[in-house]
Structure formats: C-alpha cells, structure tokens
Amino acid sequence: MQDNGTEVTAADIARLAGVGRAAVSNWRRRHADFPKPVGGTETSPSFALTEIEDWLRKQGKVAEVSLKERVWQQIAGHPEGPVAALVHAGCVLLLLHDRPLVWLELSAHSDDRLAHALPDPLRQVLTPRFGPDRAPAVPCPTPEEFRPSVPLLRGATELAADLGARQTFEFLLARHLDANPRQYTLTPADLAELMAELAGPARSVLDPACGTGALLRAVAAKPGQELFAQDSAPELAALTALRLALRTGSTIRSAPGDSLRADAHEQLRAEAVLCHPPFNERNWGHDELAYDPRWEYGFPARTESELAWVQHALARLEEGGTAVLLMPPAVASRRSGRRIRADLLRRGALRAVIALPVGAAPPYSIPLHLWVLRRPGKAAVRPELLLVDTGRLGAEGRGGLDWAALRTAVLDAWRPFDRVGEAEERPGLSRSVPVIDLLDDDVDLAPARHLPPPAAGGGAKELTAVRERLGETLRLTADLAPPVTDEGQPARWPLTTVGELARGGALLLRTGGNGPHTRVLTDHDVLSGTAPSGTLPETGEASVLVEAGDVVVPVLGGGSVARVIDDETAGAALGRNLTLLRPDPGALDAWFVAGFLRGTANNRQASSYASTATRLDVRRLQLPRLPLDQQRRYGERFRALAAFEDALRRAGRLGEQLVRGMYDGLTDGTVAPE
C-alpha cells in the first residue's frame, strides 16, 4: 500500500517502536542517518512515515508497522486534518458496506483515476442514506479532495476486510477521540443506553446536539425507524451520520447547524428526543430568539440555556412523546428558572428528575441529573413528579460506577411510575411527589431535598455489625503487620530491565485500552485495590484479558503501584493507562516482580514528567537478577505485605462506614446518644 506523505511525531515514532520519547530523542542525536524533519515546529517536528519506517526496519527496531497503525497514522497526519480524513474514510467504508462489488471494481484503478471515479458511485450511496438535502451533513468529496486520501482509503478498506466496515470506522473514530480528549464532550456508552431505555422504543428519534452520535447509537433498532441528528459542528454531524449509517439500516437525517438558532428539523414531531446539550452557554441566542414559538413554558433567562434546550426538545415531540436530557444539577434549583420549572410541573411536561452519582459523565466531579419529559396530550396526567437520587450507588473517581446496579435502580423506579403515575417510596432512593408540594417560592427539584433519608447505616443493628467487623479487621491488621529486621548494608545485585526481560522471553508485555468489554480493570481499580469496574468502547480490536499471576502496572500518576491478578479478577479486560506483565513462571516469580517494581527509587528513575502528569516507562523498570528460589523467598514477603495493605484498606472503609452511619443515626434520632 502506498503512502502519500503521512507525517508522524516523535510520540508516534515511540509508539511504533515500543519505546519512550527519550529514546527517540537519543536516536536523533546519535544517528546521523536518522530522517530529517519534514514539517511541524522546531520544538515539535514531524517526520515522513515511510522514511521512519525504513529507518526503524534497517536498525532492527521494528519488524513492520501494522496495518491498523499505518491507517491511523494516515488519519492523524492527513493534510486536511484528521476529521476530514475520517469523513473520507467513512464515506468509502459506507460504499464498501452497501456496494462491495462497486468498490472492488473502482479499487483496481490507479490512484488518480480512483479519485476521479469515486464521487459518482458515492453519491448513489449517500443520497438514499442521508437524503437529497441542499446542505447535507455528509457532502460528497470532489476528486481534488479525494486525491490526497487515496492511500488512506485503500488502507481503510483493506483493514475492513479483516474487521468489517463498521468496526474499522469505530476503531479509527475511537483512536481520534482518545487522541483529542479535550476537544470533545463525550456521553459514556452506559449512560447513553440508560437514557435510551428511559425514552423507550421509538420509530423516530431526534438528538439536536448529537456530538459523536453516542445517544442515537444506543437506540434500539426498529423496522422503518428514522434517526434525526444535528450539531453546530459540521464535522460532528458528518461523523454521526456515517457512524449511524454503518451501524443500522434506519433512515438517517443529520444536519449541521445550531439547533436553537437554525433548526434543521423544524417540522419534525418525533416519538423520542435524546439530548446531552452544552452546559452553561451564555451565547445561546437569547437576544434574537425572544419571540420564538418554542418558549411555551416561559422565555429562558440568558443564564438558563439548558431550559431553552428542554423546551426545544418538547417542541420537537409528538403528543405523548418522551424526551430525556442530561442536565447540570443547578438547573433544578436556580432561582432564574423557577417560573419555567413551575409551568413544566403544572402542565405535566416534566415527569422525573434523576440525580446520577458523581463520575457518571463529564464533568466527572459533578452529580449530573437526567430530566425525563413528556409532551402533554389530551389525556389527563397524574400531578406527581418522580424524584430519584442514585448518589449512594457511586464510587470515588472516574470509571468506578456499578452501572448495572444504577440502571436497575433507575428503571425499577421509572417503569411503575410511567405506567400508573405514582411510585412506591424507597427511603434515600426514590419517591413520587405531588406537584402541589413542589410549587413553592423556589420550585426546587433537587431530588435529595425531597427524599426521606434511609435508616442510618441500615439501623443500629447494622452499625453494631459494622463495628464488630471493624474490630475483627483491626485485629487481623495487627497480626499481619510485617516484622522489620536489619540485615546490614544495601544489596548490590546485578540488575536487568523489564524491556530486556520482555525481549528475552522471560515475560510478556501488553498495554490495555482496547474493546469492547463490559468488565474492565481500570487504573482506578488498581490504585484502590477494588474489583474491575470499568467498560471499554467498541474499537474493533480484541481486548487484552488478564490472567491469574499477571502483574498490572499503572503508567500515569507517578505512584509506585503494581497489582498481582488473583482468580477473582482473572478474565477482566485490561483498561487504559495500564501495562500488563505476564512472567514466565519458570523464570520469574510474579510477587517478586510486583514487589520490586513498587520500589520508590525504581519508579523515580523510570518516570518522565510532562507539565501536568507523570508517566512511567515500564520497560525501564529494573529487577535484580536472582535465582528462582531466592525470588520466591522475596515473593512471599511481598505477598504478606499486600495482604497487610488490603486489610488496612478494608479497615479504612469499615471505619468510614461506621463514622458516617453514627453521624447520620445521631442526627436523625435512630441512634441514641447513650
């Protein structure tokens, strides 16, 4: 496959060769034949991929760049930018998906002839899929626009022969999103699925702020279904359209433009609307939209952009249709929005407010809300609002949520309420509140302020049981405290590195982050010693599954942590920012490896520092060269230390539970001060 001047950075070269950035800098200084920069800047130069690949091969530093990596580098280094490259690749993957014989015939042409011949057959695919609009979300590229993309298109379709067209596009899109985390606000897949389930099955679904299409992607397919999307960023509207077209046979109508200012679906009355709108927007169109007919429930204040999106969603629903929006918690209680909230309640449009745990979606430090709305029809609506607070189901840090428990709790509260208009009260979790009780001066809809508290820690008996378990754990912790002996001078062992051991076959080194998988060991899990709690997006790549005896090391954060995988954790997928070491048991003891990797000095010499983070180069971590029987002696001590550490964590969690329960019990009267 030809390459058309794709450029790579020093970080890309390091990934191709499996080394750190410092190694690439050393190569540039030490080797006069290292390829010269062809672009970039003096501080961040870029190099021609073909020249770099040839040089690495001559040096014996890489056997061959994989097809996946080559195609991704062509996306990242495209002269028109990665988004344009993704759109071009998506168009041709859609052509391959819908009319494989047409692509097979076209691909036999030369590059120039292929670029010239592509637009006509591509229009025959794009028009039926996306409609003959004068300003389509996915305009057909011209031959001139296609010409620099031809090597990429050939590579992408070659990759699709192994992965499939849809999986190839998902893989490339996921790599782009991972490489630009600050550029996009993503809706996690688990949250998107929950929102789609709350909306229920629908033949027509709109997302007026579609982003990368996560919400519409979660919608269950139905015969004759229509999916409508719009985004103010034209490139996101195009990526969403291609992503949905490759995934489903539904009719796709995606359009670029700001839905509030220039609604492309003004005549639409959908059965469902799903939306993750932009938060805290001051420039949402307040001045020019003062007399817009969508403001049935009141004209939103300049600071209430989210209530403008709420009313836009209701205006695009048919009677009885359901909208589910992700909202910042302040919208439920800001005084500037109380009149609109009151009218939404009086007319039965707002049906539920669901408080999510911290960490459910970006921004991860805030407990966001889901609002479930319904377009009022002729049928009378029971004047109650469902309030749900799932905050107690959360866990500290990003990626630590039990989504299965969260989904069950939310749907078990919503579905009975949706059928009969009221729900059984569950202290601390959910209740349906008469609307009249909420129509005070504040119209505060924050669920936690209206739910009865749960019994403190489960009641006095449960607190007594927690206290007893804490006592047992503290006694165990004391028993496990390791003895300390002084044996004289520091050892002077001969040392080797993880990289040398991997090259010699003594251990296997793998990195995580591929999917899809629903039981994923995250870096947070490794740092906190908890069970696998994360998920991975669909990328078309196979997950790396951990096995008992593997050693897992986080590469970000600067901490000296290594975890040996036990039988309970085995089978989980390896998450992002983790490196797996699989020792050969005939050469290395796993606990010996994990223990020495945790040495502070060892981590310090293998770490590099950026402006905002510390990154560990696992290949540079050092281990002493010791006989296997001596390794096992050290391994037993390290295993005992790990058991002591686990007991300390367990004691800390039980202590926090007891303290929190006692405070709650004393303040709500369920525990007497005596």
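Everything here concerns the structure above.
Remember, predicted model here, so these are calculated numbers, not experimental data.

### Here we look at the sheet that holds strand 2 (residues 39-40)
Working step 1: In spatial order, the strands read 1-3-2; together these three strands make up an open sheet with antiparallel pairing. One side of each edge strand has no neighbouring strand; the edge strands of this open sheet are strand 1 (7-9) and strand 2.
Working step 2: Direction of pairing for strand 1 relative to strand 3 (residues 45-48): antiparallel, over a ladder of three bridges. Across the sheet, residue valine 8 finds its bridge partner in strand 3, namely phenylalanine 47.

### Looking at the sheet that holds strand 8 (residues 317-327)
Working step 1: Pairing is mixed in the open sheet, where nine strands are placed in the order 6-5-4-7-8-10-9-11-12. The sheet terminates laterally at strand 6 (251-256) and strand 12 (430-434), the two strands that pair on one side only. Sheet twist, expressed as the mean angle between neighbouring strand axes with direction ignored, is 15°.
Working step 2: In the packing of helix 12 (residues 189-199) onto the sheet, the strands contacted are strand 7 (270-275), strand 8, strand 9 (350-355) and strand 10 (369-374), and the crossing angle to strand 8 comes to about 155°.
Working step 3: Here helix 15 (residues 305-315) sits on the sheet in contact with strand 7, strand 8 and strand 10, set at roughly 155° to strand 8.

### Quick look at the packing of aromatic side chains
Working step 1: Scanning the model with the defined rule gives 11 aromatic pairs in all.
Working step 2: For the pair tryptophan 284 and tryptophan 295, a centre-to-centre distance of 5.9 Å together with 85° between the ring planes defines the contact as edge-to-face. Here tryptophan 295 lies in the loop between strand 7 and helix 15 and tryptophan 284 lies in the loop between strand 7 and helix 15, a separation of 11 residues in the sequence. Exposure class is identical for tryptophan 284 and tryptophan 295. Each is buried.
Working step 3: Ring pairing ties together the aromatic residues Trp493, Phe592, Phe596, Tyr634 and Phe638, which thus form one cluster.
Working step 4: The aromatic ring of phenylalanine 171 is capped on one face by lysine 68, whose charged end is 5.3 Å from the ring centroid.

### So, the pairing of strand 3
Working step 1: Relative to strand 3, strand 2 runs antiparallel, the two being bridged by two bridges. Bridge pairing in strand 3 places glycine 40 opposite proline 45.

### Examining the pattern of salt bridges
Working step 1: Within the structure shown, the criterion is met by 35 salt bridges.
Working step 2: Among the ionic pairs, aspartate 120 bridges to arginine 123, the shortest N-O distance being 2.9 Å. Within this pair, aspartate 120 and its partner arginine 123 are both found in helix 8 (residues 119-130), separated by three residues, close to a single helical turn.
Working step 3: Among the ionic pairs, arginine 261 bridges to aspartate 258, the shortest N-O distance being 3.2 Å.
Working step 4: Among the residues examined, arginine 261 registers a relative accessible area of 34% and is labelled partly exposed.

### Focus: the packing of helix 5 (residues 82-98) against helix 10 (residues 150-163)
Working step 1: Put simply, helix 5 and helix 10 touch, their axes get as near as 9 Å, and they point 50° apart. The angle between helix 5 and helix 10 places the two elements in the oblique class. At the point where helix 5 passes helix 10, the crossing takes the right-handed sense. Contacts between helix 5 and helix 10 involve Ala85, His88, Ala89, Val92, Leu93 and Leu96 from the first element and Leu152, Leu153, Ala156, Thr157 and Ala160 from the second.
Working step 2: The residue inventory of the contact of helix 5 with helix 10, partitioned by class, reads nine nonpolar, two polar and no charged.

### Description of the side chain of arginine 243
Working step 1: On the secondary structure map, arginine 243 appears in helix 14 (residues 234-247).
Working step 2: The class for arginine 243 is buried, based on a relative accessible area of 11%.
Working step 3: A polar side-chain atom of arginine 243 sits 2.8 Å from the main-chain carbonyl oxygen of threonine 212.
Working step 4: Beyond its immediate chain neighbours, meaning those up to four positions away, arginine 243 contacts Phe169, Glu170, Leu173, Thr212, Gly213, Ala214 and Arg217.

### What about unusual backbone geometry?
Working step 1: With an omega of -5°, the peptide bond between proline 362 and proline 363 qualifies as cis.
Working step 2: Mapped onto the elements, proline 363 comes out in the loop between strand 9 and strand 10.
Working step 3: Positive phi, close to 55°, is recorded for asparagine 280, a residue that is not glycine.
Working step 4: Inspection of the secondary structure assignment puts asparagine 280 in the loop between strand 7 and helix 15.

Calculation criteria
Residues numbered from 1 in each chain as written. Predicted model: local features only at pLDDT ≥ 70, side-chain atom pairs only at ≥ 80, totals over all residues. Heavy atoms only, no water. Pairing = 2+ DSSP bridges. Helix = DSSP H or I, 4+ residues; strand = E, 2+ residues; numbered from the N terminus. Axes fitted to C-alpha atoms, helices over the stretch in contact; angles between N-to-C directions. Contact = heavy atoms within 4.5 Å. Phe/Tyr/Trp six-rings, centres within 6.5 Å; stacked < 30°, edge-to-face > 60°. Buried < 20%, exposed > 50% of the residue type's maximum accessible area, 1.4 Å probe, protein only. Lys NZ or Arg CZ within 6 Å of the ring centre and 35° of its normal. Salt bridge = Lys/Arg side-chain N within 4 Å of Asp/Glu carboxyl O. Parallel < 35°, antiparallel > 145°, perpendicular 65-115°, else oblique. Left-handed = near helix turned anticlockwise from the far one by under 90°. Nonpolar A, V, L, I, M, F, W, Y, C, P; charged D, E, K, R; others polar. Polar contact = N/O pair within 3.5 Å; in protein donor to acceptor, adjacent residues only side chain to side chain.

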